[in-house]
Structure formats: C-alpha cells, structure tokens
Amino acid sequence: HMFGSGRFKSKNELLKRFEFDSLIAARYPALSPDGTQLGFSGVHRNGTSDIYQMELESGSYERLTNDIYYDVDPTFSLDGQKVIFVSDRCSEGPKGALNIYEINIATTEINQLTAGDFRDQSPDVTENGIYFSSDREGTFNLFLLGNDGRLTQQSTYVTGAFDPRLSPDGKKLTYTGYQEMSFQ
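Residues numbered from 1 in each chain as written. Predicted model: local features only at pLDDT ≥ 70, side-chain atom pairs only at ≥ 80, totals over all residues. Heavy atoms only, no water.

Some remarks on the environment of Y70
Next up, step 1: Position of Y70 among the secondary structure elements: in the loop between β6 (61-63) and β7 (71-76).
Next up, step 2: Here Y70 falls in the partly exposed class, since its relative accessible area comes to 34%.
Next up, step 3: Along the primary structure Y70 and G47 are separated by 23 residues, whereas in three dimensions their C-alpha atoms are 9.7 Å apart.
Next up, step 4: In this view, Y70 contacts R27, Y28, S49, V86, S87, D88 and L98; residues no more than four positions away in its chain are not counted. (Helix = DSSP H or I, 4+ residues; strand = E, 2+ residues; numbered from the N terminus. Buried < 20%, exposed > 50% of the residue type's maximum accessible area, 1.4 Å probe, protein only. Contact = heavy atoms within 4.5 Å.)

Some details on the pattern of salt bridges
Next up, step 1: Within the structure shown, the criterion is met by 8 salt bridges.
Next up, step 2: The residue K82 makes a salt bridge to E102 at a minimum N-O spacing of 3.4 Å. Placement of K82 in strand β8 (residues 82-87) and of E102 in strand β9 (residues 99-104) is noted, with a sequence separation of 20 residues between them.
Next up, step 3: A residue is classified by how much of its surface remains accessible, and E102, at 15% relative accessible area, is buried.
Next up, step 4: The residue D117 makes a salt bridge to K95 at a minimum N-O spacing of 3.5 Å. Taken together, the residues D117 in the loop between β10 (110-112) and β11 (120-126) and K95 in the loop between β8 and β9 connect sequence positions 22 residues apart.
Next up, step 5: Note on D117: relative accessible area 42%, which makes it partly exposed.
Next up, step 6: In this structure, a network of salt bridges that share partners links the residues D67, D71 and R89. (Salt bridge = Lys/Arg side-chain N within 4 Å of Asp/Glu carboxyl O.)

Here we look at the side chain of Q37
Next up, step 1: Structurally, the position occupied by Q37 is in strand β4 (residues 37-44).
Next up, step 2: In this structure Q37 comes out as buried when scored by relative accessible area, which is 16%.
Next up, step 3: One polar contact links Q37 to Q53, side chain to side chain, over a distance of 2.9 Å. (Polar contact = N/O pair within 3.5 Å; in protein donor to acceptor, adjacent residues only side chain to side chain.)

Laid out in structure tokens, this is it:
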C-alpha cells in the first residue's frame, strides 16, 4: 500500500489510499516536479522489482521497466520527462553492482548513467546534476554526476555517507552519516 500526499487538515489524517493488485510491495515513492505523478519501485507477485509511474489524481499506474533486473530508488528528472533509478542491469550486476540509469517515460528508452563494479544508490536530481552515494572508494561517500558528465567525489568519510538530498535553495546537502557505531 502507498499513501497519498497532500496538505493534512488534522494530525494523522489519511487523505488517499492506493492499492496495487499485482504488487506485493511498493517502495521508494518519488513525486514528480509538477506534483501530478508518483514514481515508485514495485515488487510484482512474480518477485521482480520494477519502476512504476502513477497518476495521483486517478491512481492509475503503469510499469516503466518490465524485466528480471532489480530496479529501485526512482526519482524524476527536473523536467519530469525521465525517471532516474538504480539497477543491477549492468555487466557487473551478477556480482552485486548497482549503477544509475534513466528511462524516458514517453519512449521507455533506458540509458546507463554510471558504470563499474560499484554500488551507486540514492540518486537526487538537482540543477547541478545527480548527487548519489557510492562505494567507489571502498566506503560509501557522496558523488556528483554533473550535467557535463563529469563525476566528482563530494565527501571523504571513512565511515560512510548515504542518501544525499540537496536543499531547495541549492545551498545545503543533507545526508545520513555513519559514525560512532550508528547512523546520524
């Protein structure tokens, strides 16, 4: 089950409920820039994990990817025309690698954005490019895949940095860090 978003009239008020008959789980919800669509990773009854897009008004949804690969962590491009997601569809996928991809919603064409035997995860699309967490240097740190295709490391923690999210004003990067035996 996935719950609708919106302005709450009172604390803990449920505004909308969405149910997906063919799915056993719906995870990683991401709102489109215009607020009309929701991207999410759904686990089908057959066990596959694919990327879905749903219209919030009607609740109708469609499967954007439909294959054997593990597709998770969707987020929309700034123009809302593509969904960026994480998948093991790369050549190193059988060894546990996850790379970042984009799918054109209109054409369903998929392009690989990162590559290698790494675990790239938690993409956040910004005007600067795509921030994400990766174990490229051994432990998880933050990276930026710039709009020019250049990849730059944004942190150098030996204990790990995860789930980067840029503030709306573009001045602060919030993330989860691992230190002193806990996530902070």
